[in-house]
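# Fold and contact review
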Amino acid sequence: VAVIGDLGGAAVAHEGCPADIDVAYIDVACRQHTEGSSGKTAAEMLLVRCCTHERPIALSQATLETLDACLGLLGESPEPGERRSGKIRRLLRLTDEERRRSAEEVEA
């Protein structure tokens, strides 16, 4: 189990989080979130939550702006006219790929 952040003194950890996500980067994102930042931080937090059992809830609660920003963090650009369900499907696919890669690296 890898620690992927610190939310107000409580460690956030999850096994199988993408290996290419820098722990220090996530920790900073978590601290900014608890200090009231928004925008990109919300996307970073969504990405962290997508590495845990909270993924379905997190995606359903996310705003369209946060979904677009999270797609941007994963190297995707927003598609004009794409519906919310399409954005969620893309994020599910992308995070599945990241989780699969991470699992393969752990097994190797």
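Keep in mind it's a predicted model, so treat the numbers as computed, not measured. (Residues numbered from 1 in each chain as written. Predicted model: local features only at pLDDT ≥ 70, side-chain atom pairs only at ≥ 80, totals over all residues. Heavy atoms only, no water.)

Here we take up the overall build of the chain. Along the chain, the regular secondary structure elements total five helices and two strands. Per-residue burial over the chain gives 35% buried out of 108 residues. Considering only contacts within the chain whose residues lie at least 6 apart along the sequence, 39% involve residues at least 24 apart. For the chain, the exposed surface amounts to about 6,400 Å²; the carbon and sulfur share of it is 53%. (Helix = DSSP H or I, 4+ residues; strand = E, 2+ residues; numbered from the N terminus. Buried < 20%, exposed > 50% of the residue type's maximum accessible area, 1.4 Å probe, protein only. Contact = heavy atoms within 4.5 Å. Areas by Shrake-Rupley, 256 points an atom, 1.4 Å probe, with all protein chains shown as cover.)

This part is about the nonpolar core. Grouped together as the largest cluster of nonpolar side chains are 13 residues, with contacts concentrated most on L46, L59, L67, C70 and L91. Those elements giving two or more residues to this core turn out to be α2 (40–49), α3 (55–61), α4 (64–73) and α5 (84–107). Those residues in contact with C70, other than ones at most four positions away along the chain, are A43, L46, L47 and L91. (Core = buried A, V, L, I, M, F, W, Y, C linked by side-chain atoms within 4.5 Å.)

Turning next to the confidence of the model for the chain. Regions with low pLDDT should not have their predicted coordinates read in detail. Chain-level statistics for the chain give a pLDDT mean of 74 and a share of 63% at 70 or above. Segment residues 1–20: pLDDT under 50, and 47 contacts once partners within four positions in sequence are set aside and those in other chains are kept. This model gives residues 22–38 a pLDDT under 50, and the stretch forms 27 contacts once residues within four places in sequence are excluded. (pLDDT = per-residue confidence, 0-100.)

So, on to the pattern of salt bridges. A full pass over the atoms with the stated rule returns eight salt bridges. Residue R93 is joined to E97 by a salt bridge in which the shortest nitrogen-to-oxygen separation is 3.4 Å. Taken as a pair, R93 and E97 lie in helix α5 at a separation of four residues, close to a single helical turn. Note on R93: relative accessible area 38%, which makes it partly exposed. Assessed through its relative accessible area of 29%, E97 is described here as partly exposed. For E98, the salt bridge goes to R101, with nearest N and O atoms at 2.7 Å. Within this pair, E98 and its partner R101 are both found in helix α5, separated by three residues, close to a single helical turn. In this structure E98 comes out as buried when scored by relative accessible area, which is 16%. Each of the salt bridges in this network shares a partner with another, and the network as a whole consists of E76, E79, E82 and R90. (Salt bridge = Lys/Arg side-chain N within 4 Å of Asp/Glu carboxyl O.)

The next subject is the state of the cysteines. All chains considered together, the criterion is met by zero disulfides. Looking at C50, it has no disulfide partner, and the nearest cysteine sulfur is the one in C70, 5.5 Å off. For C70, a relative accessible area of 0% corresponds to the buried category. (Disulfide = S-S within 2.5 Å.)

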